[in-house]
Amino acid sequence: MTDLATHASAAQAVPRLPADNRGTAVHLEEVEKVYRTDRIETIALSSVNLEIGAGEFVSVMGPSGSGKSTLLNIIGLLDEPTAGKVRLGGASIDDYNDRRLARVRNEQIGFIFQTFHLIGDLNVLDNVQIPLLYRGVPARERRRLAEEALDRVGLEARRRHYPSQLSGGQQQRVAIARAVVGRPRLLLADEPTGNLDSQMGAEIMSLLEEHNREAGTTVVMVTHDQRLADRTERVVRLFDGRQVR
């Protein structure tokens, strides 16, 4: 099996983003995203103005192609807007280079995806440790934090299993543990229950609510499930790249 150390190299620490005096976690101003080819121009987002408070749990809804994932990618610094401004924790990221953006993503943002994105040749414990490895956290501390995260999602006993030995719901629990192990200020979830049955989806939602409530982490979740959206504090709706509510 592949050793964990082969999946990352040492990284220097990056200062945490300053907290905004108004308690704002995310601020988007007139954000636009346009994808262009030689013949086609596709407007994914247009004139989006959004403010999300620190500690808030917000869901994003809209039909397929409305710009939900694009919005999440811009908030998570995975993509750059064509126009407009993005501020996280009150800090403008306009002048951040790729290296600095990557370090902010690693240390301050947690990501949960519909398809888990676990590394098949690493066991559960090693998968959860990956964000900490990129930070240069010492091995003993990485292990302790990863075991604590797995315990919070009810999978500490499965730490030596591999992803192929887990159910879909268990794999998503591992993905949540990996996303929160570094105690991010912002947690982004893109259809985290989309590949799960309703019962397991409800359990995953409960884990997100618990982390939001107990850790005070801001959570932004894309979902098609109105029942899950109704459990969040606020629903942001997109249609054809525009914010309609």
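Our structure is the block above this text.
In this report, the structure presented in the accompanying data block is examined. Within every chain, residues take consecutive numbers counted from 1 along the sequence as written. For a predicted model such as this one, the threshold for reporting local features is a pLDDT of at least 70, and the threshold for listing and counting side-chain atom pairs is 80 or more; totals across whole chains, interfaces and linings nevertheless cover every residue. To get the side-chain values, take all heavy atoms of the structure and skip hydrogens and water.

### Focus: helix H1 (residues 68-75)
Part 1 of the argument: Residue burial is assigned from relative accessible area. The probe radius is 1.4 Å, only protein chains are included, and a residue is buried under 20% of its type maximum, exposed over 50%, and partly exposed in between. A helix here means a DSSP run of H or I that spans at least four residues, while a strand means a run of E at least two residues long, and both kinds are numbered starting from the N terminus. Burial of H1 is extensive: 6 of the 8 residues sit out of reach of the surface.
Part 2 of the argument: Of the residues making up H1, those classed as buried are Lys 68, Thr 70, Leu 71, Leu 72, Ile 74 and Ile 75.
Part 3 of the argument: Looking one or two residues past H1, Leu 77 carries a phi angle of roughly 65°, positive in sign.

### Side note on helix H6 (residues 198-215)
Part 1 of the argument: By this rule, a helix spans an expected 1.5 Å times one less than how many residues it contains. Between its first and last C-alpha, H6 extends 25 Å over 18 residues, near the 26 Å set by a 1.5 Å rise per residue.
Part 2 of the argument: Any pair of nitrogen or oxygen atoms within 3.5 Å is treated as a polar contact; in protein, a donor-acceptor pairing is required on top of that, and neighbouring residues in sequence qualify only through side-chain atoms on both sides. Between the side-chain oxygen at the start of H6 and the backbone nitrogen of Gln 199 there is a gap of 3.2 Å, and the oxygen is on Asp 197.
Part 3 of the argument: Of the residues trailing H6, Gly 216 is marked for its positive phi of about 70°.

### Focus: the packing of aromatic side chains
Part 1 of the argument: Two rings belonging to Phe, Tyr or Trp (six-membered ring only in the last case) form a pair when the distance between their centres is within 6.5 Å. Interplanar angles under 30 degrees mark stacking, angles over 60 mark edge-to-face geometry, and anything in between is tilted. Counted under the stated rule, the structure contains 1 aromatic pair.
Part 2 of the argument: Arranged with centres 6.1 Å apart and planes meeting at 0°, the rings of Phe 111 and Phe 113 form a pair that is stacked.
Part 3 of the argument: Classification of Phe 111 as buried rests on a relative accessible area of 17%.
Part 4 of the argument: On the basis of relative accessible area, Phe 113 is assigned to the partly exposed category, the value being 28%.
Part 5 of the argument: Two conditions define a charge sitting above a ring: the NZ of Lys or the CZ of Arg must be within 6 Å of the ring centre, and it must be within 35 degrees of the ring normal. Above the plane of the ring of Tyr 96 lies Arg 100, whose end atom (NZ or CZ) is 3.9 Å from the centre.

### Some thoughts on the environment of Val 58
Part 1 of the argument: Within the secondary structure, Val 58 sits in strand S3 (residues 57-61).
Part 2 of the argument: Overall, Val 58 belongs to the buried group, its relative accessible area being 0%.
Part 3 of the argument: It is 21 Å that separates the C-alpha atoms of Val 58 and Pro 81, two residues lying 23 residues apart in sequence.

### Side note on the side chain of Thr 223
Part 1 of the argument: Along the chain, Thr 223 turns up in the loop between strand S8 (218-222) and helix H7 (226-229).
Part 2 of the argument: Under the relative-accessibility criterion, Thr 223 is labelled buried at 2%.
Part 3 of the argument: Only 2.9 Å separates the side chain of Thr 223 from the backbone nitrogen of Asp 225, close enough to count as a polar contact.
Part 4 of the argument: The contact criterion used is simple: two residues touch if any of their non-hydrogen atoms lie within 4.5 Å. If sequence neighbours within four positions are ignored, Thr 223 has contacts with Ser 59, Val 60, Met 61, Glu 191, Leu 228 and Ala 229.

### So, the nonpolar core
Part 1 of the argument: Ranked by size, the top nonpolar core spans 33 residues in total, and within it Val 128 and Ile 176 carry the most contacts.
Part 2 of the argument: Those elements that provide at least two residues to this core are helix H3 (124-135), helix H4 (139-152), helix H5 (168-180), strand S7 (186-190), H6 and S8.
Part 3 of the argument: Counting residues per element, this core draws most heavily on H5, at 6 residues.
Part 4 of the argument: Grouping buried Ala, Val, Leu, Ile, Met, Phe, Trp, Tyr and Cys residues that are joined through side-chain atoms within 4.5 Å yields what is termed a nonpolar core. Listed in part, the 30 residues of the second largest apolar core include Leu 28, Leu 45, Leu 72 and Ile 109.

### Topic: the pairing of strand S2 (residues 41-53)
Part 1 of the argument: Bridging between strand S1 (residues 24-36) and S2 involves 9 bridges; their strand directions are antiparallel. Within the sheet, the bridge partner assigned to Val 34 lies in S2 and is Ile 43.
Part 2 of the argument: A pair of strands is labelled paired if DSSP reports no fewer than 2 bridges between them. From the end of S1 to the start of S2, which pair antiparallel, there are 4 residues.

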